Structure formats: structure tokens, C-alpha cells
Amino acid sequence: MAAKARQNKPLKSSPSIPKPGESVQKKTEEKKPNPIVGTSSEESSEEMSTSTVQKLDLNAEELKKVVNQFVEQNKVGPLVENSLKNSIHLEEQMITVELSNPVEVDGIEKIKADFLNFIRAKFQNQEIQLQHHVNIEKAAERPYTPKEKFDAMMKENPLLGKLRDTFGLDPDY
């Protein structure tokens, strides 16, 4: 009975094996229309790549815009976000991220490949390189206590001292 069931079912088509002396013909794939756009998939991908990706000039202003786009699109964390937004420098094809402590190095290393690919794609330039540098002097200047923070702010704006004296404020709290 099982043999009869097998005989009644049509066999699936299998690739034909050429006989000796027959020429082998390659099947050409038809371009299937893209249901969304109504064009072939190859044409639509070419159109999308040229329309959505503009070639940008590599300069500091454009780099900052692209870095902000990357930070918005990816969850990089506040430490890496701060490092990328505030301490990035451009010299020709080299992007340098100046870090203030070694903890930031781990965060930059985790996103380095994705960040570099994103930058290269946006600027359509495969020669762009990325490096990071830990500036120990900058880390030593960083204020930690409330008094150090207030003193650092007072260096930038001396009127804060007058405000503190006028209202009898204590910067330790």
C-alpha cells in the first residue's frame, strides 16, 4: 500500500544531470520585481544606496554631525557618548579620540569597529582611521569634590563667588 502512495505522488523536480556530450547551460536568474518599489531588487538597492548615502566632505563640522548620528542610532552608554561628542579631533584621514581615563578605553574598543564602519560609510572613504589617546594630564585636572568643582566653575565665571557670598551658600553641600 505504501508503494502505491509513492507512485501516485508526483516527484519533485530535481536538477537535470547533463549526459555526456551535452552542453551545460546556466540558468539565468530573472530579476524579480520588488513589491514595494515595483523595480527589480538590484535596481532598487542601487537607487537606495545612491539616494540615501550622500558623499560628505571629511571635515570637523561634518564629523561632529556624523558622530551625533552614530550616538543616536546606537546605544553606546553615557561614558562613550561623552568621549565621542566632546573629545574627538580630525587630522587629515585620522580621527583621534582623546580620553581622560583608562576606563573609557574599554568602551571605545567595544564600539570601534561599528563606529569606524559607520564613519567610512557616511564619508564613503575607506582610508579613514581611528585611534584613541589617554591624556593623563587632563585626568589630573578633573575636579571631583564639590569644592573642587565649584572652584573650577569660579575660574570660568568669577561672579559665582559674588553669588555665593551674597546668598551665604556653602559649595560643600
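Scroll up for the structure.
Numbers given to residues run from 1 along each chain, matching the order in which its sequence is written. Local features in this predicted model are restricted to residues whose pLDDT is 70 or higher, and side-chain atom pairs enter the listing and the counts only when it is 80 or higher, whereas totals over whole chains, interfaces and linings include all residues. To get the side-chain values, all heavy atoms of the structure are used, and hydrogens and water are removed first.

Colleague: What's the story with helix 5 (residues 103-123) in this structure? I'm lost.
Modeller: Within an α-helix, residues lying three or four positions from one another point in the same direction, as the helix has 3.6 residues per turn. For helix 5, built from 21 residues, the straight-helix expectation of 30 Å at 1.5 Å per residue is met to within 8% by its first-to-last C-alpha distance of 29 Å. Helical segments are the DSSP runs of H or I of at least four residues, strand segments are the runs of E of at least two, and each set is numbered from the N terminus. With its phi angle positive at about 50°, Gln124 sits one or two positions after the end of helix 5. Multiplying one less than the number of residues by 1.5 Å gives the expected span of a helix.

Colleague: In this structure, what is going on with helix 4 (residues 78-86)? I would like to understand it.
Modeller: Burial classes follow relative accessibility: with a 1.4 Å probe on protein chains only, a residue under 20% of its type's maximum area counts as buried, one over 50% as exposed, and anything between as partly exposed. Within helix 4, burial applies to Val80, Ser83 and Leu84. The buried side chains of helix 4 occupy one side of the element, clustering within an arc of 95° when seen end-on. Of the residues in helix 4, the exposed ones pointing more than 90 degrees away from the buried face are Pro78 and Asn86. Along the arc lie the directions from the helix axis toward the C-beta atoms.

Colleague: Where do I start with the packing of helix 7 (residues 146-156) against helix 8 (residues 159-167) in this structure?
Modeller: The relative placement of two packed helices comes down to the angle between their axes together with the axis-to-axis distance. Lines fitted to C-alpha atoms define the axes, with helix axes restricted to the stretch in contact, and inter-axis angles between N-to-C directions lie between 0 and 180 degrees. Running from N to C, helix 7 and helix 8 cross one another at 125°; their axes reach a closest spacing of 7 Å. As the angle between them shows, helix 7 and helix 8 are arranged oblique. Residues Phe150, Met153 and Met154 of helix 7 touch helix 8, and the partners they reach there are Leu160, Gly161 and Arg164. Here is the rule for angles: anything less than 35 degrees is roughly parallel, anything more than 145 is roughly antiparallel, 65 through 115 is roughly perpendicular, and the remaining ranges are oblique. Whether two residues are in contact is decided by their heavy atoms: any pair within 4.5 Å suffices.

Colleague: In this structure, what is going on with the pattern of salt bridges? I would like to understand it.
Modeller: Any two side chains of opposite charge can pair if their charged atoms end up close together. A carboxyl oxygen of Asp or Glu within 4 Å of a side-chain nitrogen of Lys or Arg is what we treat as a salt bridge. Counted according to the given criterion, the structure contains five salt bridges. Residue Lys65 is joined to Glu62 by a salt bridge in which the shortest nitrogen-to-oxygen separation is 3.8 Å. Of this pair, Lys65 and Glu62 both sit in helix 3 (residues 60-73), three residues apart, roughly one helical turn. What makes Lys65 partly exposed here is its relative accessible area of 44%. Residue Glu81 pairs with Lys85 through a salt bridge whose shortest N-O separation is 3.2 Å. With a gap of four residues between them, Glu81 and Lys85 both fall in helix 4, about one helical turn apart. When its relative accessible area of 37% is taken as the criterion, Lys85 is described as partly exposed. A single salt-bridge network, built from bridges that share partners, covers Glu61, Glu62 and Lys65.

Colleague: So what exactly am I meant to see when it comes to the packing of helix 4 against helix 5 here?
Modeller: Between helix 4 and helix 5, whose axes approach to 9 Å, the crossing angle comes to 75°. By the angle between their directions, the pair helix 4 and helix 5 is classed as roughly perpendicular. Contacts from Leu79, Val80, Ser83 and Leu84 of helix 4 reach helix 5 at Val103, Glu104, Gly107, Ile108, Ile111 and Phe115.

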